Amino acid sequence: MQQHTISVLVNDQPGVLTRVATLFGQRGFNIDSITVGGTEEQGLSRMIISTGGDDRQINQLMKQLHKLIDVISVTNLSENPFVSRELALIKVTALPSQLAELNGIVEPFRAAIVDVGPSSLIVQVTGDTEKIDALLVLLQSYGVIELTRTGSVAMARSIVPATAAAMV
Amino acid sequence: MSVEMAELQKKNDIPPIQFGEEVTGAETLLRCLILEQVEYIFGYPGGAVLPIYDSLYGSYFKHILTRHEQGAIHAADGYARATGKPGVCIATSGPGATNLVTGIATAQMDSVPLVCITGNVAQSLIGTDAFQEANITGITIPITKHSYFVRDIRDLPRIVKEAFHIATTGRPGPVLIDIPKDVANAKAPFTYPDQVEIRGYRASLVPSDEEVHEFVKAVSEAKRPVILAGGGIIAAQAEKELRDFAEKTRIPVINTFMGLGGFPGTHELSLAMPGMHGNYTANQALLNADCVIGLGARFDDRITMGRTKEFAPKARIVHVDIDPAELGKNVETAVTVAGDVKSTLAKAIPLAKTCDSEAWINQLKEWREQYPYKYKKDGDVLKPQAVIELLYNSTDGEAIVTTDVGQHQMWTAQYYKFKHPRSFISSGGLGTMGFGFPAAIGAQIAHPDRTVISVVGDGGFQMTNQELAIVSQYNIPVKVAIVNNQCLGMVRQWQELFYDNRYSQIDLTCSPDFVKLAEAYGVKGLRASTPEEAEAVWAEALAHDGPVVVDFRVAQGENVYPMVATGNTLDQMELGDD
């Protein structure tokens, strides 16, 4: 089963998220992550949905999504190069004396410590799923007290490069 | 008022409407319905819709007061299926609205245009679990084409306009408008938009020339082609195009259950119905075809038996459907056309050539003669199949027939040869018991001069038989034919075949005396237990100028054959014991 990232442009109406989520449940699809937010145009929202399935299943899912009256367009970002980011806040057990040591861990990830308490601190990290997973592995040894992550926001790249190596 | 609106009023003799006049939300709604050329409303009042019912008082509309909201929505559904126009029903909030749920799901499964209007508690009470509050828009999200909760009276005209547009265009379906009481009572100057603009909504799909060429090419190469014509033919009013296409190309036509009447069952190219209770020839045609052309048919599991790999194993499947989501959903297709069947066929007919299919047609004819629908006659015992044959012969196949769900439904589909579209009205997708009788009421209201027969079982009839009050009150001359085997026949059949004759909870011998029940409502009641009685009694029923209930007491143990058992493939048909 392949992972797909679907971008769905919808009318910013009450209940639209319910309609989309209901459709997934009704048709037997699983939502791995979903993010919703504003767009460049007032009155429209964009949903970024990560889900799994083979080509036939994803094709069917996109058609079903398009049937919803409040859905304006549906794009499978996974068909072309795209940029994907998620945000995570990770609360880690740590004393203030360990701050420098932890800074050394999070800096290569371009993450930041955004809150420090007497026995814990919060790390903020953005990036693709794999990067956040990698940082999490390193922080596990300190003891992760709480984790919250957004799911992906994503966008197709402006230029489709000749080779994947051109992507950063 | 626009020129178009003025013309509309003049043409349809509808009451004059003052634009710009300050009116309530309830009055706004009714004015919108007038401009949508709605004539009949099926409904049931209650607290949250009192403003609407107050506006209805003495109005232009013909309101049919059913005895249950389920009756109202099935009647609106029957009206819509019989006319192609949207059916309209009104229910109050909470239980009134939730009583519509089965009817909404029925219409959604069979792509029937409905506009369902529900009241709701005032917005200040929404979310407080107020008396008779239910989140009906939330409840019905999976079973509507679209739904609206009206927050502001100024949105109401646009919403009603959109609702009718959505319900009737593209793949038709039910749309719900939930109006809280404060919106119904609010006031605003009346306006109505001339046009609908819904960004992203594809109302109609005319296929490209390229798609049509590919379609024609695939079809013309076939030597054993067969058309699988579904309900989409009727929805698109494409029956003439289908007939022209089939006759020009010499391709036999199988009508799905929902497509019955879309191609005349009496035509030499007709193979009638396929699938679980379809006939031998139609199923053999699918098994041996080299090209199956699905036209407005969704290849559902009552036809494929869910065994999609073994379905039409020798065929390339060509599929035309207005709903792109149907293409490739259930079966793998070689050629697809996302488009309206009528415009696709209209474009295809001039390009199409006669197929080299005469040998195939002759083979199908042989099968048809060898394996017709048949049943064993048994002296004075009234067989249910004989009842349907009687209905067919007595009306020359010209009646509108509605059914409930069960054995009688399948016998009707088998033994009544439907010649015209919109003459067979039945709950195909959802299989809703209780549908047939109220649907007949809607169909009869739409066509007061035609014979409308409601074939029902003794089980399903008891789910909505309180609507006898309606046929009595409004003198709606529906002829109700109860195929009474004193049990839940289809359930009994499955218990006999798959549950070792363990007849769990199917005994309906303690049903009311249907003749007396009819008479209690002021409706003529008749009974027949033998073939001779059936003939005499049915003639009397047809001659009666008003509603009639005929209780046909039929053989109890009769099963529906042919049958493909669940889990089997189309080549594993049981043809019956005679």
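- Under an unreviewed UniProt entry, the name given to chain B is Acetolactate synthase, and the source organism is Brevibacillus antibioticus.
- UniProt lists a comment for chain B under the heading Catalytic activity (unreviewed entry), and it reads "2 pyruvate + H(+) = (2S)-2-acetolactate + CO2".
- Here chain B is described in UniProt, under the heading Sequence similarities (unreviewed entry), as follows: "Belongs to the TPP enzyme family."

- For chain A, an unreviewed UniProt entry supplies the name Acetolactate synthase small subunit and the organism Brevibacillus antibioticus.
- Entered under Catalytic activity (unreviewed entry) in the UniProt record, the comment concerning chain A runs "2 pyruvate + H(+) = (2S)-2-acetolactate + CO2".

1. Digging into unusual backbone geometry
Residues and elements named next belong to chain B.
Inference 1: A cis geometry characterises the amide bond from Tyr561 onward to Pro562, with omega recorded as 0 degrees.
Inference 2: With respect to the helices and strands, the residue Pro562 is situated in the loop between β19 (548-553) and β20 (563-564).
Inference 3: Not every positive phi belongs to a glycine, and Gln37 is a case in point at roughly 65 degrees.
Inference 4: As for its placement among the helices and strands, Gln37 is situated in the loop between α2 (25-35) and β2 (40-43).
Inference 5: Even without being a glycine, Gln486 presents a positive backbone phi close to 55 degrees.
Inference 6: Mapped onto the secondary structure, Gln486 falls in the loop between β17 (479-484) and α22 (489-498).

2. Side note on the domain arrangement of chain B
Residues and elements named next belong to chain B.
Inference 1: Each assigned domain of chain B is listed here: domain 1 (3-190), domain 2 (209-370) and domain 3 (384-561).
Inference 2: Taken together, the contacts link 16 residues of domain 2 with 20 residues of domain 3.
Inference 3: Roughly 1400 Å² of surface becomes buried between domain 2 and domain 3 when both sides are summed, with 67% attributable to carbon and sulfur atoms.
Inference 4: For the interface between domain 2 and domain 3, the tally reads zero salt bridges.
Inference 5: On the surface where domain 2 and domain 3 come into contact, there are three residue pairs in polar contact (both at pLDDT 80 or more).
Inference 6: A breakdown of the residues in the side of domain 2 that touches domain 3 according to their chemical character gives nine nonpolar, five polar and two charged.

3. What to know about the UniProt feature "domain: Thiamine pyrophosphate enzyme central" (unreviewed entry) in chain B
Inference 1: Per the UniProt annotation, the sites labelled "domain: Thiamine pyrophosphate enzyme central" (unreviewed entry) are residues 213-346 of chain B.
Inference 2: Along residues 213-346 of chain B, the helical share is 32% and the strand share 17%, with 12 Å between the first and last C-alpha atoms.

4. Digging into the interface of chain A and chain B
Interface size is commonly expressed as the accessible surface area that is lost when the partners come together.
Inference 1: Listed as interface residues are 18 residues of chain A and, on the opposing side, 19 residues of chain B.
Inference 2: In this assembly, chain A packs against chain B so that about 1600 Å² is buried in total across both faces, 52% of it on carbon and sulfur atoms.
Inference 3: For the chain A face of the interface with chain B, the top three residues by lost area are Arg19, Lys63 and Ile69 of chain A, together amounting to 39%.
Inference 4: Linking chain A with chain B are two salt bridges.
Inference 5: Residue Glu41 of chain A is joined to Arg199 of chain B by a salt bridge in which the shortest nitrogen-to-oxygen separation is 2.7 Å.
Inference 6: Between chain A and chain B we count 10 residue pairs in polar contact (both at pLDDT 80 or more) in total.
Inference 7: When grouped by side-chain class, the residues that make up the side of chain A that touches chain B number five nonpolar, six polar and seven charged.

5. With respect to the UniProt feature "domain: Thiamine pyrophosphate enzyme N-terminal TPP-binding" (unreviewed entry) in chain B
Inference 1: Residues given the UniProt feature "domain: Thiamine pyrophosphate enzyme N-terminal TPP-binding" (unreviewed entry) here are residues 24-135 of chain B.
Inference 2: Taken end to end, residues 24-135 of chain B comprises 41% helix and 19% strand; its first and last C-alpha atoms sit 23 Å apart.

6. Regarding the confidence of the model for chain A
Inference 1: Summarising the model, chain A shows a mean pLDDT of 92, and 95% of its residues fall at 70 or more.
Inference 2: Of the regions scoring below 50 in pLDDT, residues 164-168 of chain A engages in six contacts with residues more than four places distant in sequence or in other chains.

7. A few points about the sheet that holds strand β10 (residues 253-255) of chain B
All names here are of chain B.
Inference 1: In spatial order, the strands read β10-β9-β11-β12-β13; together these five strands make up an open sheet with parallel pairing. The open sheet is flanked by β10 and β13 (335-338), the only strands paired with a single partner. Averaged over neighbouring strand pairs, the angle between their axes works out to 15 degrees when direction is ignored.
Inference 2: Relative to the sheet, helix α12 (residues 239-249) contacts β9 (225-229), β10 and β11 (291-295), its axis offset from that of β9 by approximately 170 degrees.
Inference 3: Across the sheet, helix α13 (residues 280-288) touches β9, β10 and β11, and the angle it forms with β10 is around 120 degrees.

8. Describing the domain arrangement of chain A
Residues and elements named next belong to chain A.
Inference 1: Domain boundaries assigned for chain A yield domain 1 (2-80) and domain 2 (83-156).
Inference 2: Look at where the C-alpha atoms of domain 1 and domain 2 centre, and you get two points 28 Å apart.
Inference 3: Between domain 1 and domain 2, roughly 460 Å² of surface is buried when both sides are summed, and carbon and sulfur atoms account for 64% of that area.
Inference 4: If you sort the residues of domain 1 by the area they bury against domain 2, Thr35, Ile48 and Leu77 come out on top, with a joint share of 67%.
Inference 5: Applying the counting criterion to the domain 1 and domain 2 interface returns one residue pair in polar contact (both at pLDDT 80 or more).
Inference 6: Counting residues per element, the ones that place at least two in the side of domain 1 that touches domain 2 are β2 (33-38) and β3 (44-53).
Inference 7: The residue makeup of the side of domain 1 that touches domain 2, split by class, is three nonpolar, four polar and no charged.

Calculation criteria
- Once a new chain begins, its residue numbering starts again from 1 and follows that chain's sequence as written.
- For naming, the first written chain is A and the first written ligand is 1, with later ones following in the order written.
- Reporting of local features is limited, given that this is a predicted model, to residues whose pLDDT is at least 70; pairs of side-chain atoms are given and counted only at 80 or more, and all residues count toward the totals for whole chains, interfaces and linings.
- Calculated side-chain values reflect all of the structure's heavy atoms, with hydrogen atoms and water omitted.
- UniProt positions are given in the numbering used here, feature names are shortened, and annotations may be inferred rather than shown by experiment.
- Numbering goes from the N terminus for both helices and strands, where a helix is a DSSP run of H or I of at least four residues and a strand is a run of E of at least two.
- Domain limits in this description derive from either an automatic procedure or a database domain assignment.
- Residue contacts follow a heavy-atom distance rule, with two residues in contact if any of their heavy atoms lie within 4.5 Å.
- Summed over both partners, the accessible surface that disappears when two parts come together, traced with a 1.4 Å probe, is what is meant by buried area.
- In what follows, salt bridge is the name for a side-chain nitrogen of Lys or Arg lying within 4 Å of a carboxyl oxygen of Asp or Glu.
- Within 3.5 Å is the distance limit for a polar contact, defined as a pair of N or O atoms, with the added protein rule that one can donate a hydrogen and the other accept it, and that residues adjacent in sequence qualify only through two side-chain atoms.
- Gly falls in the polar group here, along with every residue not listed as nonpolar (Ala, Val, Leu, Ile, Met, Phe, Trp, Tyr, Cys, Pro) or charged (Asp, Glu, Lys, Arg).
- Per-residue confidence from the predictor is given as pLDDT, running between 0 and 100.
- Any two strands between which DSSP finds at least two bridges are classified as paired.
- For every element, the axis is a line fit to its C-alpha atoms; helices are fit only across the contacting stretch, and the angle between N-to-C directions ranges from 0 to 180 degrees.

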